[in-house]
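Understanding the architecture of this molecule
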Amino acid sequence: VPRANFKNVEESLIAWINRIESNPNSVAILAVFSHGQASRRRTAILFEDYGTVALKPYAGMTEAEQLIDALSTLAPRDKLVIFDCCRMQVDLQLPHQGGFGTELIGGRAGAIPVRPQVMMSTQYDGAGFGGQGGRPTLFATALLDGLRGCAADSDDLTVNTRRLAEITERILGLWCKDEEPIQVPDTQESRSFVVTKVPNLDRTAIFISLE
């Protein structure tokens, strides 16, 4: 796996964009698992080379909201973007214009934007995310449970983006401390579309919550 520095991520993202735009019927799903910071209502994704360039505090990072806007201009109408990262508030003097970091892509000029469905593992309240020491995070675990069938429609066993976000939040809410959820995700809804179909199984997983 290539190192997660800015250059490698940029090259991989551009290659992914070229692939999904080669077919007008593409369904675009981008999942980002990274460190993150927040300042006011802006979130930065941190890469491996963040903090390594003297006198350039924003090197090795990019703004999630700018990336979402840029992805909105891509050809596929069905787009899902997932961020699993902290949004810990930091005290930075951000520019009034420009991104919170360096742009990965700038978007298609003149395109009619179609915003993706966005799922973020945390809110803008300075919350960290639930790591499990070498295992998938709590959010990733809940997301995978949803994709494996917990978020499937009972009639046709398909999982659409809107229900995936709803069920992921409900499963994540089962992880509590002092009767409060450890982590509350953030969802920005857009057009809903099917992301997977669960195969028929001869057994069913049932989640039971006791109070």
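Everything below is about the structure shown above.
First, a word on scope: everything that follows refers to the structure included in this document. Only a predicted model underlies this, so the values are computations on that prediction, with no experimental measurement involved.

It is worth spelling out the nonpolar core at this point. Among the nonpolar cores identified, the biggest contains 23 residues, and Leu13, Trp16, Ile45, Leu67, Leu71, Phe83 and Ile105 are the most heavily contacted of them. When residues of this core are traced back to their parent elements, those giving at least two are helix H1 (6–20), strand S1 (27–33), helix H2 (64–71), strand S5 (78–84) and strand S7 (117–120). Other than its neighbours up to four places away in sequence, Phe83 contacts Val32, Ile45, Ala64, Leu67, Ile68, Val118, Met119, Met120, Ser121 and Phe139. Counting residues in each nonpolar core, the second largest holds 17 residues, with Ala142, Ala151, Ala165 and Val198 among its members.

Below, the discussion takes up H2. In an α-helix, one full turn covers 3.6 residues, which means residues spaced three or four apart are oriented alike. Of all 8 residues that make up H2, 7 are buried, and the element is covered over most of its length. Within the span of H2, buried status applies to Ala64, Glu65, Gln66, Leu67, Ile68, Ala70 and Leu71.

Here the focus is H1. In this model H1 runs 21 Å from its N-terminal to its C-terminal C-alpha over 15 residues, within 8% of the 21 Å that 1.5 Å per residue would give. Along H1, the residues classified as buried are Phe6, Leu13, Trp16, Ile17 and Ile20. Viewed end-on, H1 has its buried residues packed into an arc of 100 degrees, placing them on one side of the element. On the buried face of H1, the contacting elements are S1, strand S4 (61–63) and H2.

Rules used in this analysis
Residues numbered from 1 in each chain as written. Predicted model: local features only at pLDDT ≥ 70, side-chain atom pairs only at ≥ 80, totals over all residues. Heavy atoms only, no water. Core = buried A, V, L, I, M, F, W, Y, C linked by side-chain atoms within 4.5 Å. Buried < 20%, exposed > 50% of the residue type's maximum accessible area, 1.4 Å probe, protein only. Helix = DSSP H or I, 4+ residues; strand = E, 2+ residues; numbered from the N terminus. Contact = heavy atoms within 4.5 Å. Expected span 1.5 Å × (residues − 1). Arc of directions from axis to C-beta.

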